[in-house]
Amino acid sequence: MLFKQQALLRQKLFVLGSLAIGSVLYLVARVGTLDRLQPICPIESKFSTPGPEQIPLRTLQFKRGVLHERGNVTKEQIRPHNLVQQLPRAIIIGVRKGGTRALLEMLNLHPAVVKASQEIHFFDNDKNYARGIEWYRGKMPYSFPHQITIEKSPAYFITEEVPERIFKMNSSIKLLIIVREPTTRAVSDYTQVLEGKERKNKTYHKFEKLAVDSNTCEVNTKYKAVRTSIYTKHLERWLKYFPVEQFHIVDGDRLITDPLPELQLVEHFLNLPSRISQYNLYFNVTRGFYCLRFNIVFSKCLAGSKGRIHPEVDPAVVTKLQKFFHPFNQKFYQITGRTFNWP
Ligand code: A3P
């Protein structure tokens, strides 16, 4: 009797075990098939026949030596030996204090984008440039061949030699310029320098003194923070090498208040399927800025050096600067085809 019961139990366990193994095998086979055959989302299927410019999506990203899993990827698909250091296919060339860091970090949310974390200053620094293109490549992060590398060095925008040097590396590279209302950008630039001086216990002039020539009472165009905000002057130098279609202008003011639409425009410009979503961006009330959410576990805000409190500036000086920038802004809109509500 006891023997019969044991045999019955063994039989039941065998049937249950077979069912469990069968289900697991079925799931593995099905997930594998889905991974290979099905587009992940309808948006992706829209892009499923890549044109020459188009960059296929990959679901993995390699950051600081760690592979981060993204989406439906299976472990079998991870082939670290495929990782390469690629020259950038897009560069954020400026503008300093325009929101270049925020833009780079936010684009890095895209599974097909890998950022170079540091500003490399290859094209604007003669010593670095003399080290050659392989030195530059060596500064790039590891990525899969289908991903694109992006770097940002805001000094590129205003440095004389840079357009020609970048052109020599890749004449069809995509160039991103993030701009803010020019007077606000100049004050932000000043605030950064002021903070540096204060850290070293040094004194510094007031913004008004630097921005306006006390002899002529005119805007001081020798002051770098003013010159950098004359966007059209710098852009004109770049246009000697690159057609205007190779540039995309990002609205740095809107990137602060409503980043997603700006990022979607960049995704489109880079021929990437739209993958950055509202889920990836959340407003942090304490910080007063949007922060980044990579997944349920990992999120981050930009460093405290981004989003400083600006000093109060004499309204008469603000108006003077706004009037000064006005005609340059008009020209900038005309050239780029992007108009802003700047005064
Ligand atoms: P302020 O410090 O003047 O506010 P850059 O990275 O080019 O130096 O630009 C810095 C600017 O990025 C900051 O200027 C800040 O306003 C802006 N910015 C845009 N989005 C931001 C974000 N999500 N977090 C912090 N700063 C952001």
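Remember, it's a predicted structure, so these values are computed and weren't measured experimentally.

Undergrad: Help me understand the overall build of the chain in this model?
TA: The helix and strand tally for the chain stands at 14 helices and 12 strands. Expressed as a percentage of contacts within the chain between residues at least 6 apart in sequence, the contacts between residues at least 24 apart total 71%. Looking at the chain as shown, the accessible area adds up to about 19100 Å², and 57% of this sits on carbon and sulfur atoms.

Undergrad: I keep staring at the confidence of the model for the chain and nothing clicks. Help me out?
TA: Atomic detail in the predicted coordinates should be set aside for any region of low pLDDT. Looking at the chain, the pLDDT average stands at 84 and 77% of residues meet or exceed 70. Predicted confidence is poor over residues 22–78, with pLDDT under 50, and the contacts of this stretch with residues over four places away or in other chains come to 79 contacts.

Undergrad: I would appreciate a short explanation of the packing of helix H11 (residues 231–238) against helix H14 (residues 315–336) in the present structure.
TA: Their axes nearest at 8 Å, the elements H11 and H14 cross at an angle of 35°. Touching Tyr-231, Thr-232, Lys-233, Leu-235 and Glu-236 of H11 are Phe-328, Lys-331, Phe-332, Ile-335 and Thr-336, all from H14. Residue classes in the contact of H11 with H14 are distributed as five nonpolar, two polar and three charged.

Undergrad: Would you take a moment to explain the site of the ligand for this structure?
TA: The local shell around the ligand holds 17 residues, among which Lys-97, Thr-100, Ser-188, Tyr-290 and His-310 are the closest. Arg-101 places a main-chain nitrogen or oxygen 3.0 Å from an oxygen atom of the ligand. In this structure, a nitrogen atom belonging to the ligand sits 2.8 Å away from a main-chain N or O atom of Tyr-290. Taking 570 Å² as the accessible area of the ligand by itself, protein coverage stands at 97%. For the shell around the ligand, the elements supplying multiple residues, two or more each, are helix H3 (100–107) and strand E11 (289–293). Ranked by residue count, the leading element in the shell around the ligand is H3, at four residues. A per-class count over the shell around the ligand returns six nonpolar, six polar and five charged.

Undergrad: Can you help me understand the sheet that holds strand E4 (residues 90–94) in this one?
TA: Each strand in a sheet pairs with another by means of backbone hydrogen bonds, the pair being arranged parallel or else antiparallel. Spatial strand order, E5-E7-E4-E8-E9: five strands in an open sheet with parallel pairing. Among the strands making up the open sheet, the edge pair consists of strand E5 (113–115) and strand E9 (247–251). Pairwise comparison of adjacent strand axes, ignoring direction, gives a mean angle of 25° for this sheet. With four bridges joining them, E4 and strand E8 (residues 174–179) adopt parallel strand pairing. Residue pairing for E8: Ala-90 is matched across the bridge by Lys-174. Contacting E4, E8 and E9, H11 runs over the sheet at an angle of about 175° to E8.

Undergrad: What exactly am I supposed to notice about the pattern of salt bridges here?
TA: Side chains carrying opposite charge are able to pair once their charged atoms draw close together. Taken as a whole, this structure holds 15 salt bridges when the rule is applied. Residue Arg-96 pairs with Asp-189 through a salt bridge whose shortest N-O separation is 2.7 Å. Taken as a pair, Arg-96 in the loop between E4 and H3 and Asp-189 in helix H8 (residues 182–199) lie far apart in primary sequence, 93 residues in all. We classify Arg-96 as partly exposed; its relative accessible area is 29%. Put simply, Asp-253 and Arg-180 hold a salt bridge, and the shortest N to O gap is 3.8 Å. Here Arg-180 lies in the loop between E8 and H8 and Asp-253 lies in helix H12 (residues 252–257), a separation of 73 residues in the sequence. You can call Arg-180 buried: its relative accessible area is 12%. Within the structure, one salt-bridge network assembled from shared partners comprises Arg-101, Glu-105, Lys-115 and Lys-300.

Undergrad: Where do I start with the sheet that holds strand E10 (residues 281–284) in this structure?
TA: With respect to topology, three strands assemble into an open sheet ordered E10-E11-E12, the strand pairing being antiparallel. A strand with exactly one partner marks an edge of an open sheet, and here the two such strands are E10 and strand E12 (299–300). Note: E11 against E12, two bridges, orientation antiparallel. By the bridge assignment for E12, Arg-293 is matched with Ser-299.

Definitions and cut-offs
Residues numbered from 1 in each chain as written. Predicted model: local features only at pLDDT ≥ 70, side-chain atom pairs only at ≥ 80, totals over all residues. Heavy atoms only, no water. Helix = DSSP H or I, 4+ residues; strand = E, 2+ residues; numbered from the N terminus. Contact = heavy atoms within 4.5 Å. Areas by Shrake-Rupley, 256 points an atom, 1.4 Å probe, with all protein chains shown as cover. pLDDT = per-residue confidence, 0-100. Axes fitted to C-alpha atoms, helices over the stretch in contact; angles between N-to-C directions. Nonpolar A, V, L, I, M, F, W, Y, C, P; charged D, E, K, R; others polar. Near = heavy atom within 4 Å. Polar contact = N/O pair within 3.5 Å; in protein donor to acceptor, adjacent residues only side chain to side chain. Pairing = 2+ DSSP bridges. Salt bridge = Lys/Arg side-chain N within 4 Å of Asp/Glu carboxyl O. Buried < 20%, exposed > 50% of the residue type's maximum accessible area, 1.4 Å probe, protein only.

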